Amino acid sequence: MDITNGTDQDTKWKVANSGGGSGVGPHHHFTVEEAVSWPVLRAGSRVQHHPAPPGPWVVCFVVGRHQVVQEIDSDSGQVALVQAGADFRAQMD
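### Re the overall build of the protein chain
Assigned secondary structure in the protein chain consists of 0 helices and 8 strands. Listed by position from the N terminus, the elements making up the protein chain come as β-β-β-β-β-β-β-β. Going through the 93 residues of the protein chain one by one, you find that 37% of them count as buried. By sequence separation, contacts in the protein chain at least 24 residues apart represent 65% of the contacts at least 6 residues apart. Of the roughly 5100 Å² that the protein chain leaves accessible, carbon and sulfur atoms contribute 49%.

Here it is in structure tokens:
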């Protein structure tokens, strides 16, 4: 799975298994404090992540106080964090 930060700001991110009882679903909101220990994805960079099966998975981003959550079914999928005006959203390819 490719995860891209297509913005000009660093983001915190994580991938959770939505089918494995992680407590993270596509409508889950988390506190910014929860994301403190998550890895940083630098602005304009990409990381390749190999999630543990089974899926689907939930990709979570935190940029400042903005939260973006996107469910993805394929471990070979691509998710990009993009800026949408003053907000952020996930874009799947």
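### Quick word on the sheet that holds strand S7 (residues 78–84)
Pairing within the open sheet is mixed, and its 4 strands lie in the order S4-S1-S7-S8. Edge strands, defined here as strands with exactly one partner in the open sheet, are strand S4 (46–48) and strand S8 (87–92). Going across the sheet, the axis of each strand differs from the next one's by a mean of 20 degrees, ignoring polarity. Bridge analysis of strand S1 (residues 2–5) against S7 gives 4 bridges, and the strand direction is parallel. Counterpart to threonine 4 in the pairing with S7 is alanine 80.

### Details of the pattern of salt bridges
Evaluated as defined, the whole model comprises 2 salt bridges. The partner of arginine 46 in a salt bridge is aspartate 2, with the nearest N and O atoms 3.0 Å apart. Of this pair, arginine 46 sits in strand S4 while aspartate 2 sits in strand S1, and the two are 44 residues apart along the sequence. A residue is classified by how much of its surface remains accessible, and arginine 46, at 55% relative accessible area, is exposed. Arginine 42 is paired through a salt bridge with aspartate 10; the nearest N and O atoms lie 2.6 Å apart. Remark: aspartate 10 occurs in the loop between S1 and strand S2 (11–17) and arginine 42 occurs in the loop between strand S3 (40–41) and S4; sequence separation between them is 32 residues.

### So, the environment of proline 51
With respect to the helices and strands, proline 51 occurs in the loop between S4 and strand S5 (57–63). Placed 50 residues apart in sequence, proline 51 and methionine 1 show a C-alpha to C-alpha distance of 7.6 Å. Setting aside its immediate chain neighbours within four residues, proline 51 contacts Met1, Val15, Trp57 and Asp75.

The rules behind the values
Residues numbered from 1 in each chain as written. Predicted model: local features only at pLDDT ≥ 70, side-chain atom pairs only at ≥ 80, totals over all residues. Heavy atoms only, no water. Helix = DSSP H or I, 4+ residues; strand = E, 2+ residues; numbered from the N terminus. Buried < 20%, exposed > 50% of the residue type's maximum accessible area, 1.4 Å probe, protein only. Contact = heavy atoms within 4.5 Å. Areas by Shrake-Rupley, 256 points an atom, 1.4 Å probe, with all protein chains shown as cover. Pairing = 2+ DSSP bridges. Axes fitted to C-alpha atoms, helices over the stretch in contact; angles between N-to-C directions. Salt bridge = Lys/Arg side-chain N within 4 Å of Asp/Glu carboxyl O.

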